[in-house]
Amino acid sequence: MGIPSEAREEHTGLLKDNDKTSQDSDLPADSLGSEKTYRRRFLILVPILLLSLAANITLSIIASNHKSYQPPSKYANLHLTHTEPYVLLTDYSSHNTALADALWHSINIDSGVVALSDSFAASHNLRSAQRFPWDTNKGIYILHGFHNLHCLKIIYNSLFEFRTGQAQSRTWHHIAHCLDALRRQMLCDADDTPRATERRAEVVSGIGQHRVCRDWGELEKWAKAHTACYKRPENPEDEVGLKRFMHCPEGSGYVVDEGYIPMEEILVGLPEESIATGVAGNV
């Protein structure tokens, strides 16, 4: 009597399992343990190797870029965005004195007077400033770059008045203060750029070289977003003190109160610019 095919297949399968079990049982116990240990180590080492590879790739990228990377500015978060060549002349030093005069006198630093919240000041280690009248949780500050522009402008105005035979509108003390402020800024910057010299009749260096710059327009945009509603009138006698802070742009969110009485005099420490007469335009 023959064995059914299904039974034969089942019997064969059982024999195969038995044979494998028999073969495994023939292996030494320490060999089986070593194989399991190697597998565990392999499973542990693979992720470690992958992480190490990823870390090395990341460090290589950082190392290749570290020379060009500069952190953003501390307050307005400005980045180095473009290069600018060293040049001998621009329109601000043009032989066309009428053009140069108009450009220098058109410099306006009003937007550099900003209102910053006390929380911003605290988080950036800034000292407290005089109160902004339309939000007393904010202080009035002037951005340093705008202060330096103010100093350059009044120095130019003083030279302009001397050149055109006009009486000096600023005191020598103020001019000396601005010169000293610019001197100290240069010492602080300690710019170590080697500017190449050439055999030229003009005293010039650095021609063909470039410097990396931030975007002044971005600083102006940041300043206007933190406006203190400040505007210096063409004639300084027209508006004094609080009135200069009543020029809030549309959308600023500030409500100007013309009857507001400040607890202390405003404008202490804010720059006064000279009006150079005889020059067209708002200076």
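Residues numbered from 1 in each chain as written. Predicted model: local features only at pLDDT ≥ 70, side-chain atom pairs only at ≥ 80, totals over all residues. Heavy atoms only, no water.

Looking at the protein chain in UniProt, the text filed under Sequence similarities (unreviewed entry) is "Belongs to the ustYa family." (UniProt positions renumbered as here; feature names shortened; annotations may be inferred.)

Novice: Is there a simple way to think about the packing of aromatic side chains in this case?
Specialist: Any aromatic ring pair is given by two values, namely how distant the centres are and how the planes are angled relative to each other. Evaluated as defined, the whole model comprises 7 aromatic pairs. Judged by centre distance (4.9 Å) and plane angle (10°), the ring pair of Trp-104 and Tyr-156 falls under stacked. Taken together, the residues Trp-104 in helix H3 (residues 97-105) and Tyr-156 in helix H5 (residues 144-163) connect sequence positions 52 residues apart. Assessed through its relative accessible area of 16%, Trp-104 is described here as buried. Among the aromatic residues, ring-to-ring pairing joins Tyr-92, Trp-104 and Tyr-156 into one connected group. (Phe/Tyr/Trp six-rings, centres within 6.5 Å; stacked < 30°, edge-to-face > 60°. Helix = DSSP H or I, 4+ residues; strand = E, 2+ residues; numbered from the N terminus. Buried < 20%, exposed > 50% of the residue type's maximum accessible area, 1.4 Å probe, protein only.)

Novice: Please clarify how a nonpolar patch on the surface should be interpreted in this entry.
Specialist: Together, Ile-44, Leu-45, Ile-48 and Leu-49 make up an exposed nonpolar region whose accessible area comes to about 410 Å². Relative to the elements of secondary structure, Leu-49 occurs in helix H2 (residues 29-65). For Leu-49, a relative accessible area of 58% gives the class exposed. (Patch = residues over 30% accessible without salt bridge, like charges linked within 9 Å, V, L, I, M, F, W, Y side chains within 5 Å. Areas by Shrake-Rupley, 256 points an atom, 1.4 Å probe, with all protein chains shown as cover. Salt bridge = Lys/Arg side-chain N within 4 Å of Asp/Glu carboxyl O.)

Novice: Teacher, can you tell me more about the pattern of salt bridges here?
Specialist: When charged atoms on two side chains of opposite charge get close, those side chains can pair. In this structure the tally under the stated criterion is 6 salt bridges. Here Asp-118 makes a salt bridge to Arg-131, at a shortest N to O gap of 2.9 Å. With Asp-118 in helix H4 (residues 118-123) and Arg-131 in strand E3 (residues 131-132), the pair connects residues that are 13 residues apart, well separated along the chain. Here Asp-118 falls in the partly exposed class, since its relative accessible area comes to 32%.

Novice: What is the right way to look at the environment of His-124 in this model?
Specialist: Examined against the element boundaries, His-124 turns out to sit in the loop between H4 and E3. Residues His-124 and Lys-74 lie 50 residues apart in sequence; the distance between their C-alpha atoms is 7.8 Å. If near-sequence neighbours (up to four positions away) are discounted, His-124 is found in contact with Lys-74 and Tyr-75. (Contact = heavy atoms within 4.5 Å.)

Novice: Explain the confidence of the model for the protein chain here, please?
Specialist: Keep in mind that low pLDDT regions are not for reading the predicted coordinates in detail. Considering every residue of the protein chain, the mean pLDDT works out to 80; 72% of them sit at 70 or more. Between residues 1-25, whose pLDDT stays under 50, and residues either more than four places distant or in other chains, the model counts 2 contacts. In the predicted structure, residues 274-283 sits below a pLDDT of 50 and forms 30 contacts with residues beyond four places in sequence or in another chain. (pLDDT = per-residue confidence, 0-100.)

Novice: Help me out: how do you make sense of the pairing of strand E2 (residues 113-117) in this one?
Specialist: Looking along a regular strand, one sees the side chains alternate between the two faces of the sheet. For E2, the buried fraction is high: 4 of the 5 residues fall into the buried class. As paired strands, E2 and strand E4 (residues 135-142) are joined by 5 bridges and run antiparallel to one another. Looking at the pairing, Val-113 lines up with Ile-142 of E4. (Pairing = 2+ DSSP bridges.)

Novice: So what exactly am I meant to see when it comes to the sheet that holds E3 here?
Specialist: Strands pair in a sheet through their backbones, by hydrogen bonds, and they do so in one of two ways: parallel or antiparallel. Ordered in space as E2-E4-E3, the 3 strands form an open sheet in which the pairing is antiparallel. Each of the sheet's edge strands pairs with one partner strand only, and the pair in question is E2 and E3. In this structure, E3 lies alongside E4, joined through 2 bridges in antiparallel fashion. Bridge assignment links Arg-131 to a residue of E4, and that residue is Gly-139.

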